[in-house]
Amino acid sequence: MSEITDTTKHDAMMAKILSGQKLESIDEITDDYKRVLIAQLRKQAVGELAGAHILLPWIKMAPTIDEMVDIAMMTKDEARHAKVCFDLLESLGVPTGEYYKQNHLYRSPFFSKRLKTWTQLVVFNFFLFSSADHHFPYFSICSWCPYNRMMRKILDDEVMHIAHGDSWMERLSQSPRTREEAQCDLNYWFPKINSIFGSSEFKLNKASLKYKIQLRSSQEMRLAWYAEIKEKLEKNGYQVPPVEAIEYAKPHPGLVLLNWSGQIAKRWQRIVNRLKRI
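Only a predicted model underlies this, so the values are computations on that prediction, with no experimental measurement involved.

(A) How the structure looks around helix 9 (residues 176-194). For helix 9, which comprises 19 residues, the first-to-last C-alpha distance of 26 Å matches the rise-based estimate of 27 Å (1.5 Å per residue) to within 8%. Largest kink in helix 9: about 30 degrees, centred on Tyr188, with the proline Pro191 one to four residues after it. Regarding helix 9, the residues found buried are Thr178, Ala182, Gln183, Asp185, Leu186, Tyr188, Trp189, Phe190, Pro191, Lys192, Ile193 and Asn194. In this structure, the buried residues of helix 9 make contact with helix 6 (118-132), helix 8 (145-172) and helix 11 (218-235).

In structure tokens form, the structure reads like this:
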């Protein structure tokens, strides 16, 4: 495609985005828009897969039959959410079979070490699903219409997931022993889940804002999430770490599948190391 045609396509696409219109066809979007959209979808797909694997063992270990049913439902939801992300990637021309094989058993260094008790699972879920509630609603009204439709269906499931975490954090606060145990896990998980929002300075986040795939900056979403969970937790007698407490994990080992070269992965690690010193 000629440079003139590229510029014309970009200008027409941005005119629609800035006027609040939605993009529906691949023919309407530029290669760079598509790149950013695919990166976001891949990130979400891996997160949904990880959520399903984290929950799966707890179907057998749940303390009651009611909790077993709830965890089974959430596990199914997370697996189905991953599937619709992969379906949308396929519609963008991304073959996902090999990507799934590389990532379906992936365990983040953060999300594999300490889920050994029911309290740990509850605290983890409380943070994770509440943070998703500050990402997903904006994807449901973003500039890419097929993403809108997908996210609206996912949001319906998230209501139950969030309510489950809220209910259990309140229940654990009822006795000094369980509240102390939950507080310990809260202190451990907060900076790790806080890192999910990333940094507004990351190039992917800047591009997502430019194309209105993401409608709020990382810091705006982080602060809104923090205000919400702080109110909930303090109401139940918990102490909440400062919003500045952020602990980033190492880069995902499958980042090469996101078209990241070794050089870019090293640059990412340098950024992460700088953020740790802030």
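(B) Spatial organisation of the packing of aromatic side chains. Scanning the entire structure with this criterion turns up 13 aromatic pairs. Relative to Phe190, the ring of Phe127 has its centre 5.9 Å away and its plane inclined at 65 degrees; by these criteria the two rings are edge-to-face. Taken together, the positions of Phe127 in helix 6 and Phe190 in helix 9 put the pair 63 residues apart, joining distant regions of the chain. Each member of the pair, Phe127 as well as Phe190, is classed as buried. Linked through ring pairs, Phe126, Phe127, Phe190, Phe197, Trp225 and Tyr226 together constitute an aromatic cluster. The ring centre of Trp168 lies 3.8 Å from the NZ or CZ of Arg171, which sits over that ring. In this structure, Lys192 is placed above the aromatic ring of Tyr188, and the distance from its NZ or CZ to the ring centre is 3.9 Å.

(C) A look at the nonpolar core. Counting residues in each nonpolar core, the largest one holds 35 residues, and the members touching the most others are Trp118, Leu121, Phe127, Met169, Trp189, Trp225 and Leu233. Contributing elements (two or more residues each) for this core: helix 2 (31-55), helix 4 (65-91), helix 6, helix 8, helix 9 and helix 11. It is helix 6 that provides the largest number of residues to this core, a total of 9 residues. Not counting residues within four places of it along the chain, the set of residues in contact with Trp118 comprises Trp58, Ala62, Pro63, Glu67, Ile71, His164 and Trp168.

Reading the values: the criteria
Residues numbered from 1 in each chain as written. Predicted model: local features only at pLDDT ≥ 70, side-chain atom pairs only at ≥ 80, totals over all residues. Heavy atoms only, no water. Helix = DSSP H or I, 4+ residues; strand = E, 2+ residues; numbered from the N terminus. Expected span 1.5 Å × (residues − 1). Bend = angle between axes of the 7 residues up to and from the residue. Buried < 20%, exposed > 50% of the residue type's maximum accessible area, 1.4 Å probe, protein only. Contact = heavy atoms within 4.5 Å. Phe/Tyr/Trp six-rings, centres within 6.5 Å; stacked < 30°, edge-to-face > 60°. Lys NZ or Arg CZ within 6 Å of the ring centre and 35° of its normal. Core = buried A, V, L, I, M, F, W, Y, C linked by side-chain atoms within 4.5 Å.

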